Each structure stands twice: as structure tokens, then as C-alpha cells.
Amino acid sequence: MSSHHFVKEGQEPALLILDADLTDAVASLLEWAPLVIVSSEALPNVLLWGIKIDIIIHHQDALLGETELLLKDHGPVSYLNCKERSEAFETTLMYLTETGQSTLNVVTSNTGPLFEQSHPFSQSILITIFEGCWKSSVITAGVYEKWLPERTILKVYQDEALDSIELDGLSGSGPEYEAESSGMVAIKSRRPFLVSEQFC
């Protein structure tokens, strides 16, 4: 961490790795020495990265003994248990809420299901999801505003029809929208929505 950054202990974004794909984005997230949480499915590949793992999300279908064997030379690791693989994200959010963590970055190969699961927690935890070359943010404040170059593509998702979304500086029929010119764009909605930006 560079000397001009002053972050309170415990306030660095936690990192949840649901799928082990070491992209440049993931490498940059790891530079902040975050709390690293890994699903048991991703663990074998994540161990190859040589990073410190703090918590394993372990579900009942996985063999705990095999997981512990993989981690025998890794140092102290905590475990969070869940019944199904699909509950790893929600289990992490419940844990972070209980421990007062306010920011979470997620690495996954399937953003869609995570948006709905994030709803009960999105007022208290700032959630950013990385899938391939797409970075998605859960917007709960009702407004997304950003300066974008002309023809930049955004993907916008809601649980219901997109007809309640108001656009400024963007055109398209959804879920993909394009910046009409270089400048500020805005997306407004009364309901939470997910905005995905391409970054690589």
C-alpha cells in the first residue's frame, strides 16, 4: 500500500473468490492485502497463486478433510459453512454484516444470481462484482453517474422490466446501452439495479 493511502484497519474491501481466474483486475485487488475469502471450489487454483487466504466458504457437498489437507501448510484459516454452493455469496455477506465490513469485491463467472442475493445487504455493504472483463456495481441510491468516452457500452440489469429506468446520455433498448457522446451519463431508477462496465 502506498504511503499516501490511509485506510482504517478492517476497512479495506474484502475479496470473495467464487471462481479462480487470476486476471489483472484480481491481481490489483490483492495489492490492498484485503480479507481474502475463497469458496472451496476455487481453493485448489487459488492456492497456486501463493496468496494468503483468511476464510474458506465450505459447503456440505465438499469433503472438509480434503480441504484441510490442501491447507495444511497454509497457516490459520477460518471456515464458514453453507448448505449449498449457491449460498456461498449470501453466507459471506451475512458474515461481513456481522463483523462490520462495509465493502466487498467478488470474483465470479456468473454475475446474474448474485444481484438478487445482494438486495438484503446492499444498503450496508458496497458490492462490486468482477466477471471476466466486466466490472458490475450494485446501485441502491437510485442514481449512477459517470463520465464516459463516446460509444462506451454499459449493461444494466434489474429484477423486473427495465421500463422504470431513466437514461441521460445513453441510447439503446437494454440491457446494453451506449454512450451517445463523450461526457457525463446518468441512469436513474426507483429500484436497485446493476451496472456493468467493460474494463479490459
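Everything quoted here is computed from the prediction, not taken from an experiment. (Residues numbered from 1 in each chain as written. Predicted model: local features only at pLDDT ≥ 70, side-chain atom pairs only at ≥ 80, totals over all residues. Heavy atoms only, no water.)

What to know about the overall build of the protein chain
The helix and strand tally for the protein chain stands at 5 helices and 14 strands. Here the protein chain holds 200 residues, and 42% of them are scored as buried. The long-range share in the protein chain, meaning contacts at least 24 apart out of those at least 6 apart in sequence, stands at 54%. Within the structure as shown, the protein chain displays about 11,000 Å² of accessible surface, and the carbon and sulfur contribution to it stands at 49%. (Helix = DSSP H or I, 4+ residues; strand = E, 2+ residues; numbered from the N terminus. Buried < 20%, exposed > 50% of the residue type's maximum accessible area, 1.4 Å probe, protein only. Contact = heavy atoms within 4.5 Å. Areas by Shrake-Rupley, 256 points an atom, 1.4 Å probe, with all protein chains shown as cover.)

Remarks on the confidence of the model for the protein chain
Across the protein chain, pLDDT averages 82, with 82% of residues at or above 70. Considering each helix and strand of the protein chain separately, the mean pLDDT is smallest for helix H3 (residues 64-70), with a value of 64, and largest for strand S13 (residues 183-188), with 95. Contacts from residues 1-10, a stretch scored under 50 in pLDDT, to residues over four places away or in other chains number 8 contacts. (pLDDT = per-residue confidence, 0-100.)

Examining the nonpolar core
Of all hydrophobic cores here, the largest spans 22 residues; its most connected members are Leu16, Phe89, Leu104, Val106 and Ile127. For this core, the secondary-structure elements that each account for two or more residues are strand S1 (14-17), strand S3 (55-59), strand S4 (78-82), helix H4 (88-99), strand S5 (103-107), helix H5 (112-118) and strand S6 (126-131). In terms of residue count, the dominant contributor to this core is H4 (4 residues). In this view, Phe89 contacts Leu16, Leu18, Leu104, Val106, Leu114, Gln117, Ser118 and Ile127; residues no more than four positions away in its chain are not counted. (Core = buried A, V, L, I, M, F, W, Y, C linked by side-chain atoms within 4.5 Å.)

Focus: the pattern of salt bridges
One pass over the full model with this rule turns up 3 salt bridges. We note a salt bridge from Glu197 to Lys146, for which the minimum N-O separation is 2.5 Å. Here Glu197, found in strand S14 (residues 193-198), pairs with Lys146, found in strand S8 (residues 143-148); they are 51 residues apart in sequence, far enough to count as distant. The buried category is assigned to Glu197, whose relative accessible area is 15%. (Salt bridge = Lys/Arg side-chain N within 4 Å of Asp/Glu carboxyl O.)

Observations concerning the sheet that holds strand S10 (residues 166-168)
Read across the open sheet, the 3 strands follow the order S8-S13-S10; overall the sheet is antiparallel. The outermost strands of the open sheet, each flanked by one partner alone, are S8 and S10. Within the sheet, the average angular offset between the axes of one strand and its neighbour, ignoring direction, is 10 degrees. (Pairing = 2+ DSSP bridges. Axes fitted to C-alpha atoms, helices over the stretch in contact; angles between N-to-C directions.)

Looking at the packing of aromatic side chains
The final tally for this structure, using the stated rule, is 1 aromatic pair. Seen in terms of ring centroids, Phe130 and Phe199 are 5.9 Å apart; in terms of plane orientation they differ by 85 degrees. Their pairing is edge-to-face. Residue Phe130 is found in strand S6, and its partner Phe199 is found in the segment after S14; the two are separated by 69 residues along the sequence. Exposure remark for Phe130: the relative accessible area of 10% places this residue in the buried category. Positioned above the aromatic ring of Trp134 is the side chain of Lys155, whose terminal nitrogen or guanidinium carbon lies 4.2 Å from the ring centre. (Phe/Tyr/Trp six-rings, centres within 6.5 Å; stacked < 30°, edge-to-face > 60°. Lys NZ or Arg CZ within 6 Å of the ring centre and 35° of its normal.)

Considering the layout of surface pockets
With a probe scaled to a water molecule rolled over the atoms, the places where space remains empty come into view. The volume enclosed by the largest pocket comes to roughly 220 Å³. Of all the elements in the fold, those that place two or more residues in the lining of the largest pocket are H4 and H5. In terms of residue count, H5 provides more of the lining of the largest pocket than any other element does, 3 residues in total. Classifying every residue of the lining of the largest pocket by side-chain character gives 5 nonpolar, 6 polar and 3 charged. The space that makes up the second largest pocket amounts to roughly 180 Å³. If you trace the second largest pocket, you find it lined by Thr111, Gly112, Phe115, Glu131, Trp134, Ser136, Lys155, Tyr157, Gln158, Leu194 and Ser196. When the residues that make up the lining of the second largest pocket are grouped by side-chain class, the tally is 4 nonpolar, 5 polar and 2 charged. (1 Å grid on protein atoms, 1.4 Å probe; cavity = no way out; pocket = protein on both sides within 12 Å on 5 of 7 lines; lining within 4 Å. Points joined across faces, edges and corners; volume = space filled by probe spheres on them. Nonpolar A, V, L, I, M, F, W, Y, C, P; charged D, E, K, R; others polar.)

A look at the side chain of Thr111
Of note, Thr111 is situated in the loop between S5 and H5. Relative accessible area serves as the criterion here: at 7%, Thr111 is assigned to the buried category. There is a polar contact of 2.7 Å between the side chain of Thr111 and the side chain of Glu131. For Thr111, the contacting residues outside a window of four places in its chain are Ile129, Glu131, Ser136 and Leu194. (Polar contact = N/O pair within 3.5 Å; in protein donor to acceptor, adjacent residues only side chain to side chain.)

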